[in-house]
Amino acid sequence: MYIAVAAIGLAFVIVVALAASLRWRKLAAGENRVVLSGGGTGGHVNPALAIAEGIKAREPGTRFLYIGVRNKAESVIVRRTGYELRFVLSEGYPGLRPSLRTVRFLVKAGIGVAQSIVLLMVFAPRWIIATGGYVSAPVIAAALILKKLGIGHVRIFLHEQNSIPGQLNALMGKWVDKVLLTFPQTISFFPNGKVVGYPIRTSILPAPGDEARARLSFPIPPGRETVFIFGGSQGARTINRAVVDALHYLLPYRNRLFVIHGTGLASSAEYDAAADTQKRLERSLSPGERALLEGFYYRQDYFHNIADVYSASSLIVCRSGAGSLNEISRIGKPALLIPKANLPGDHQVMNARAMKSAGAADLLFEDTIREDGALLEKVDGKVLADKIVALLDNPARLAEMAEKSQHFLRRRAIERIVNELYDEKRFHDGNGSQPVPFKDLASNSRLLHVLSAAYNRMGQDFDPLAAIGDADDLAYYRHRAAGLLCYETWQDRNLGVKLIGLTRYRDKIPTLLEMLSDRTPVSRIKRLFGGDFEQVGFIRRNIVQALRVLDHFDGEVERHLMLALSDSYFEVRSEACRTIAHFGPCLAGSAAWMEALLKRLEDRCFEVVIEAAVALGEVGDAATARALLALNESHYWQVRNAALRGIRRLIDRGVIEPSTELLEGTSAFILTSTDFKPHFPIKETYTAIRNASRKRSGQPAGADSRTEKPVRKVQ
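Since this is a predicted model, take the numbers as computed values, not measurements.

## A word on the side chain of Glu575
Tracing the backbone shows Glu575 in helix α25 (residues 570-582). Residue Glu575 is classed as buried on the basis of its relative accessible area, which comes to 7%. The residues touching Glu575, leaving out its near neighbours within four places in the chain, are Arg541, Val544, Gln545 and Arg548.

Okay, structure coming up:
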C-alpha cells in the first residue's frame, strides 16, 4: 500500500513538473518575460532598471517582474516605474563564524528560495537579471534548482557593479550563465565574465547648470558654488553627521556656497536618517547659526531627479559605490569620495582608488574614535569642511578632475549588455576606456607582514609610507586598522593595535591608552579559562609595544607606562620595561622610574627581571649599578647577562666611571650559561665591561686574570 501511495505521489510530481515545464516554454515563447532582482540600495536597483530600459528599447512589449525585499530602496524606486513588484525574505550573509545570525540567515534564505520558486514558476521568465544585494541570492538559487529539475527554461545573468565582488555574488557567479562586469579587474573572479561597464539610466544625462537649477524644486541663489553631499539611497550615518558638523565651519562661506544634502531613505529602529540629522542640527548648531542656513543649506531624503542635482553642482561628496561613481562620470563632475571601509573585498575603497588613479576624485576616509564610551566610525566635520573649501579654492584642479571624470566611465554599457542578453555579435565591443593600473590593497595579515619586515629592517629609520608607497593607501590602512578596534573578537582588536603601531597612526594613541587602562572584567566562564579583562593580556602587551613603534612620548604615555609596569600579565610588564628603555632619554635620572624598575628586579617572572635590568641601564644612576651588581649570582644566566648589559650601558652614558671597584664587582658574576652556543653573550658583555674599566684605569686589556671561582652547575 505504501509503495502504491509513493508511486502515485511520484507520478503526480512528475506530471506537475512536466506541465510546469511545458507551460514555462509556452509563456516564454509567447512574449519576452524578464525577472529583475537586486536591492537593498539604489546601487543595486538602478542598474537593473537601466538594463530594463535597454531591453524595452529593443522589445517594447517586454514584461518585467521585479523581485526585491520589503522596506528597502526598491520599495520606493521600482514603484515609480510601474513594473510589477514582489517581495521575498532575505538578509545579508553574516559570514563563516557560526552565530544566531547564521541560523536566522539560513531560515530566511530557505523561505526566500521557496517564495522565489513559486514566483518564477508563475511568471515563467526568459531571462533573470540579478544585480546583486542579498535579495538576488534566493532568486538565483531558486532558478538554478528549477533549471536542474528541467522545469525552468531560463538564462541567468548576474551584473557585478564593483571591482571586488561580494561574497554571495562570488559564489552565485560560478553557477549563472554569464556574469556582466563593470571593471576589467574583476574578470579574474569569473571565468564566465564579460566586461560591459555600468548601466546608467537614460535619465542620467548632463545638462547646462542654469537649466538644471531651473528644474530643481528648491532655489539656489545665483553665483553660488554648489556642493552636493549624499551617502547613497539609504544614506550614511557618518556622512550625514559629518555634514551637520561641517556646517559650522562652512557658514563663513555662506555667501559663496550652497550645500545640498541627501540624507537617505533609511527609517528604522536602528537608524532614522531624517530624524537623526534633525536632532544633530539642533544639538550642534546654535539658534543663530540655524537661522543662517536659509539660502545656504537644503536637505532632502532622496532625489529622483538626481541628474539635475549633479549637473547643478560644482563638487560631489559621496560614498564610492559603483553606481554613484558611474553616474558622476556620466555627468562629468569632480568628486570627493568617502568610501565605506571593511566591506567584502574592500570594494568601495577599490572603486575609489580606481577613480582617484584616473585623476577624477580626491579621497577622505572615515576614522574610528571613542565617543560616549563607545568606539564608532566618524568623519570629522572640520576635516570635511576644510577638504571642500580647499578643492573649491582650486578651480584649475576641479576642471581637470571634471575632464578626467568624463573618461572614467566605460561608455555604451547598456548596448553591450543587451548584446550579451540576445547573444548577438552585431555590436562591436571596442576598447572603451582603458583600465587605470593600480596595485591591489594588501589584506590585514599581508600588511602586517610587510610592515613588520620593514620595521625590523629599517630600525630607527622606519617609515611606513616608504614601505607602502602611496599616501592615500597609508591613510586608508590607518583607518582600516582603527576600524578593527570596534570588533567583538579580541583577535581582530589585537590585529588593529599592531597595525596602528606599524602604520604610525599617532592620532590613535589616546584610544590605545584608554584600551590599555580599561579594566572591564570578563565573564565568569572566561575567567575559568584564564581571562581577566575584555582587553586581554595580548592586546595590552601589544599596545605597549605599539607605543614604542609609534615613537611618541608625552605625559599620558608616561602615566600609562607606569601602570603597565604593575599589570597582572607578565608579558605586559616585560614589554613595558622594553618600552621604558626605548624612551630612556626622556626618563633618565627620574627617581620615580628608577624606583619602579628596581621593584621589578624582584618580579616573580625572570623575563620581567631581564628587561627591567636592561631598562635600568637607560634610566638609572650610580645607585642603580649597585642593584645590578647584586644580581651576580642569579639562578638565570639571562638575568646576570641583562645586569651586565645594564652596567655597560651606565658606563656608555657616563653615569658611572669604570674603576677597579667596578671591575671587582663585575668579576663576581657567574659567567656560565646553559645554552649550547659557539659563544656566550654573558662572557662577551663581561669582557666589554672589563676592557672599558682597564682602559680607563690604564691597565692593558688582555685575558681575564681574576681568580676563577668553582663553576656552578646552572639548572
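Let us keep going from here.
## Some thoughts on the nonpolar core
The biggest cluster of nonpolar side chains holds 119 residues, and the ones touching the most others in it are Phe228, Leu337 and Ile647. With nine residues, the single largest contributor to this core is helix α28 (residues 606-619). One finds Phe123, Ala137, Val139 and Leu146 within the second-largest nonpolar core, a separate group that totals 34 residues.

## Thoughts on the environment of Arg645
Position of Arg645 among the secondary structure elements: in helix α30 (residues 637-652). Excluding anything up to four places from it in sequence, Arg645 contacts Val614 and Thr685.

## A short note on the environment of Val69
Topologically, Val69 is positioned in the loop between β2 (63-68) and α3 (73-77). Judged by its relative accessible area of 9%, Val69 is buried. Counting along the chain gives 19 residues from Val69 to Val88, while the straight-line C-alpha distance between them is 5.7 Å. When neighbours within four sequence positions are excluded, Val69 is seen to be in contact with Glu74, Ser75, Phe87, Val88, Ser90, Tyr134 and Val135.

## As for the packing of aromatic side chains
Summed over the entire model, instances satisfying the criterion amount to 17 aromatic pairs. The structure contains a cluster of three or more aromatic residues connected by ring pairs, namely Phe218, Phe228, Phe230, Phe258, Tyr298, Phe303 and Tyr310.

## Looking at the sheet that holds β2
Each strand in a sheet pairs with its neighbour through backbone hydrogen bonds, running either in the same direction (parallel) or in the opposite one (antiparallel). The seven strands lie next to each other as β3-β2-β1-β4-β5-β6-β7, forming an open sheet whose pairing is parallel. The strands lining the two open edges of the sheet, one partner per strand, are β3 (84-87) and β7 (193-195). When strand polarity is set aside, the average angle formed by the axes of neighbouring strands in this sheet is 25°. Two strands pair when backbone bridges link them, and β2 and β3 are joined in this way by four bridges, in the parallel orientation. By the bridge assignment, Tyr66 is partnered in β3 with Leu85. Where helix α5 (residues 136-148) meets the sheet, it contacts β1 (33-37), β2, β4 (127-130) and β5 (155-160), and its direction lies at approximately 155° from that of β5.

Quick notes on the rules
- Residues numbered from 1 in each chain as written.
- Predicted model: local features only at pLDDT ≥ 70, side-chain atom pairs only at ≥ 80, totals over all residues.
- Heavy atoms only, no water.
- Helix = DSSP H or I, 4+ residues; strand = E, 2+ residues; numbered from the N terminus.
- Buried < 20%, exposed > 50% of the residue type's maximum accessible area, 1.4 Å probe, protein only.
- Contact = heavy atoms within 4.5 Å.
- Core = buried A, V, L, I, M, F, W, Y, C linked by side-chain atoms within 4.5 Å.
- Phe/Tyr/Trp six-rings, centres within 6.5 Å; stacked < 30°, edge-to-face > 60°.
- Pairing = 2+ DSSP bridges.
- Axes fitted to C-alpha atoms, helices over the stretch in contact; angles between N-to-C directions.

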